[in-house]
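Inside the fold
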Protein chains: 2
Amino acid sequence: MKMAGAAVGGLAIGAVGGYSIMPPKETIVTNEVEVEVEVPQEVPEYPWTYEKLDVEEVKNRAYNAYFESGCSYGAFEAIIGGLKEKVGFPYTSIPTKMAVYGKGGTVGWGTLCGAINGAIMAMNLVSSDLSPVNELVGEYTETAYPTWKPAVAVKTDEDLPTSEAGSPLCHVSVTKWCEASGFGSGSIERKERCGRLTAEVAGRAAEMLNAVTDGNFVPVFQDAVSVTTCNGCHGDAGPIANVHAKSDCAQCHTDEPHETS
Amino acid sequence: MKMAGAAVGGLAIGAVGGYSIMPPKETIVTNEVEVEVEVPQEVPEYPWTYEKLDVEEVKNRAYNAYFESGCSYGAFEAIIGGLKEKVGFPYTSIPTKMAVYGKGGTVGWGTLCGAINGAIMAMNLVSSDLSPVNELVGEYTETAYPTWKPAVAVKTDEDLPTSEAGSPLCHVSVTKWCEASGFGSGSIERKERCGRLTAEVAGRAAEMLNAVTDGNFVPVFQDAVSVTTCNGCHGDAGPIANVHAKSDCAQCHTDEPHETS
């Protein structure tokens with residue numbers, strides 16, 4: 001849509017390039033006098049340029065944002081909010097509240113851990129290479145959370161028991177932690193645990209993006225043995241070919257022993 | 001950051017409001033003459049204003065985008081791309097490729113169905129009310145996909161068998177469809193099925209957002225019976241309190257009969 005400009009105060013104000021007309025916030029027009037006005041911002045091509053973030057700052061921002069609007073928002077806000085401060089536009093055009101939905105594994109459904117979802121949403125905005133995303137998901141499944149502690153805790157400043165999820169699923173992650181720690185899923189300790197986990201996941205995402213920026217990102221995660229074994233028959237190219245996934249098969253499918261050829 | 005403007009052609013060009021200086025794409029400056037220039041766009045407060053979309057257009061856009069960059073991008077691009085066309089700014093500032101990561105239930109991990117992830121990312125951008133998001137997830141678990149057919153199919157124009165996932169997980173959804181249809185997970189029919197499913201999920205998201213806009217959105221999804229029953233003990237407020245989730249428990253936990261009090 002290309003629209004003719006409207007003369008205002010002897011100067012043209014209009015819109016080009018597919019934007020609807022919206023008056024500038026502040027326009028001061030004079031002739032031959034130096035003044036301040038906003039200028040148009042052209043949204044850059046995808047992916048947006050990342051600038052290295054301080055990992056500890058990302059963790060603290062994620063931790064505090066978790067207690068504002070949950071895990072997914074916490075991780076997304078930690079990285080994109082950091083880039084808003086450090087880079088400004090175009091990151092200032094992203095409303096980080098768009099990631100709130102991921103909390104509790106998608107509005108409480110217990111699917112993908114929201115900290116992962118928010119973190120990789122940010123990663124995918126600054127990189128079309130999905131190998132760091134896969135690395136973050138894989139590493140999550142093998143990491144004992146939480147080990148990071150904030151300087152000032154929101155719910156409790158106790159050291160908390162840790163557990164490995166063996167899965168990127170919120171439900172598995174939370175239940176395994178409840179079983180390992182003895183704390184209830186509705187306890188302040190569980191919420192504190194998820195806040196710290198969100199900080200660690202967002203921090204690792206920033207570390208990986210920093211490494212990509214430095215040209216020294218090296219993925220090390222290997223698929224679970226069961227994935228390689230089971231997908232030989234059940235995967236896309238196998239004779240059964242009824243599975244399109246790479247989460248550890250053995251975690252859920254323990255009750256189905258069968259002959260393998 | 002507030003920066004002094006630089007005089008150009010008798011007019012000031014600078015930046016205010018936290019934006020870095022970036023020359024406008026095209027600036028034509030004259031005195032007392034009507035011309036076209038870009039004007040600054042102030043990013044509106046979250047959530048962004050939604051305008052009702054044509055559901056069939058959303059479906060077709062999602063279907064075609066699926067074959068470009070996968071399910072999650074397909075659903076996100078269908079809604080946000082539609083809003084870019086219909087509304088323009090601020091939607092034009094969102095790179096929809098940021099949602100590619102959700103494909104295959106998060107880069108192939110088989111967790112949250114990517115069509116859901118992309119659709120609800122868009123829903124959460126235009127609404128802070130998560131009840132339509134929950135409705136979309138719940139409805140997905142009970143819906144037999146795919147029933148929609150494109151005018152021109154990409155992989156095959158056959159009618160395809162349908163199946164209900166009973167779960168928002170990609171792995172469960174795909175495997176149940178493979179078992180119901182007899183088609184392999186790597187087959188062109190499975191890819192066609194996921195393309196059509198992406199269209200349907202994005203279309204329903206638009207329908208729900210349209211209903212919210214019209215003030216007649218009414219959620220009807222009820223948690224699975226097992227969720228209500230099991231969470232009586234295992235949920236956040238129960239005596240065991242080791243579960244923070246609401247996916248159908250009985251789908252996976254069929255092998256663990258135990259006494260209930």
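Placed above this text is the structure.
Quick look at the structure, then.

Calculation criteria
Residues numbered from 1 in each chain as written. Chains lettered and ligands numbered in written order. Predicted model: local features only at pLDDT ≥ 70, side-chain atom pairs only at ≥ 80, totals over all residues. Heavy atoms only, no water. Helix = DSSP H or I, 4+ residues; strand = E, 2+ residues; numbered from the N terminus. Buried < 20%, exposed > 50% of the residue type's maximum accessible area, 1.4 Å probe, protein only. Polar contact = N/O pair within 3.5 Å; in protein donor to acceptor, adjacent residues only side chain to side chain. Salt bridge = Lys/Arg side-chain N within 4 Å of Asp/Glu carboxyl O. Axes fitted to C-alpha atoms, helices over the stretch in contact; angles between N-to-C directions. Left-handed = near helix turned anticlockwise from the far one by under 90°. Contact = heavy atoms within 4.5 Å. Nonpolar A, V, L, I, M, F, W, Y, C, P; charged D, E, K, R; others polar. Core = buried A, V, L, I, M, F, W, Y, C linked by side-chain atoms within 4.5 Å. Phe/Tyr/Trp six-rings, centres within 6.5 Å; stacked < 30°, edge-to-face > 60°. Lys NZ or Arg CZ within 6 Å of the ring centre and 35° of its normal.

1. Some points on the side chain of Asn 117 of chain B
Looking at where Asn 117 of chain B falls in the secondary structure, it is placed in helix H3 (residues 114–126). Here Asn 117 of chain B falls in the buried class, since its relative accessible area comes to 0%. At 3.4 Å, the side chain of Asn 117 of chain B forms a polar contact with the side chain of Asn 117 of chain A.

2. Considering the pattern of salt bridges
Within this structure, the stated rule accounts for 16 salt bridges over all chains. When the shortest N-O distance is used, the salt bridge between Arg 204 of chain A and Glu 139 of chain A registers 2.6 Å. Note that Arg 204 of chain A is positioned in helix H6 (residues 188–214) and Glu 139 of chain A in helix H4 (residues 131–142), a separation of 65 residues in sequence. For Arg 204 of chain A, a relative accessible area of 28% puts it in the partly exposed group. Here Lys 52 of chain B ties to Asp 214 of chain B by a salt bridge, and the two come within 2.9 Å at their closest N and O atoms. In this pair, Lys 52 of chain B is assigned in the loop between strand E2 (11–15) and helix H1 (55–69) and Asp 214 of chain B in helix H6 (residues 188–214), connecting sequence segments 162 residues apart. Owing to a relative accessible area of 36%, Lys 52 of chain B belongs among the partly exposed residues under this scheme. For Asp 214 of chain B, a relative accessible area of 44% puts it in the partly exposed group.

3. What to know about unusual backbone geometry
Residues and elements named next belong to chain A. Here Phe 89 and Pro 90 are connected by a cis peptide whose omega angle stands at 5 degrees. Along the chain, Pro 90 turns up in the loop between helix H2 (71–86) and helix H3 (114–126). For Val 107, which is not glycine, the phi torsion reads 35 degrees and is therefore positive. Relative to the assigned elements, Val 107 resides in the loop between H2 and H3.

4. As for the packing of H4 of chain A against H6 of chain A
All names here are of chain A. Close contact between H4 and H6 brings their axes to 10 Å; oriented N to C, the two are set at 145 degrees. Here H4 runs over H6; the crossing is right-handed. Taken together, the residues of H6 that come into contact with H4 (itself represented by Pro 132, Glu 135, Leu 136, Glu 139 and Tyr 140) are Leu 197, Val 201, Arg 204, Ala 205, Met 208 and Val 212. Considering only residue class, the contact of H4 with H6 consists of eight nonpolar, no polar and three charged.

5. Section: the nonpolar core
Phe 76 of chain A together with Phe 76 and Leu 83 of chain B are the most contacted members of the largest nonpolar core, which has 113 residues in total. Setting aside chain neighbours within four positions, we find Leu 83 of chain B in contact with Tyr 50, Glu 51, Leu 53, Gly 88, Tyr 91 and Val 126 of chain B.

6. Quick look at the side chain of Ser 127 of chain A
All names here are of chain A. Positionally, Ser 127 belongs in the loop between H3 and H4. Among the polar contacts made by the side chain of Ser 127, one reaches the main-chain amide nitrogen of Asp 129 at a distance of 3.1 Å. The contacts of Ser 127, once residues within four sequence positions are left out, are Tyr 46 and Pro 47.

7. Focus: the packing of helix H2 (residues 71–86) of chain B against H6 of chain B
Residue and element names in this part refer to chain B. Contact pair H2 / H6: the axes reach a minimum separation of 9 Å and the direction vectors enclose 35 degrees. As H2 packs across H6, the resulting crossing turns out to be right-handed. Packed against H2, whose contacting residues are Cys 71, Gly 74, Ala 75, Ala 78 and Ile 79, the element H6 presents Thr 198, Ala 202, Ala 205 and Leu 209 at the interface. Looking at the contact of H2 with H6 residue by residue, the class counts come to seven nonpolar, two polar and no charged.

8. As for the packing of aromatic side chains
Residue and element names in this part refer to chain A. Applying the stated rule across the entire model yields 14 aromatic pairs over all chains. With a centroid separation of 5.4 Å and an interplanar angle of 85 degrees, the aromatic rings of Trp 48 and Tyr 91 are classed as edge-to-face. With Trp 48 in the loop between strand E2 (11–15) and helix H1 (55–69) and Tyr 91 in the loop between H2 and H3, this residue pair connects regions lying 43 residues apart in the sequence. Just as Trp 48 is buried, Tyr 91 falls in that class too. Here the basic side chain of Lys 97 rests over the ring of Tyr 73, its NZ or CZ set 5.4 Å away from the ring centre.

9. Here's the deal with the environment of Ser 69 of chain B
Residues and elements named next belong to chain B. Residue position: Ser 69 is located in helix H1. Here the alpha-carbon distance between Ser 69 and Val 100, two residues 31 residues apart in the chain, equals 6.3 Å. Those residues in contact with Ser 69, other than ones at most four positions away along the chain, are Lys 97, Val 100 and Lys 103.

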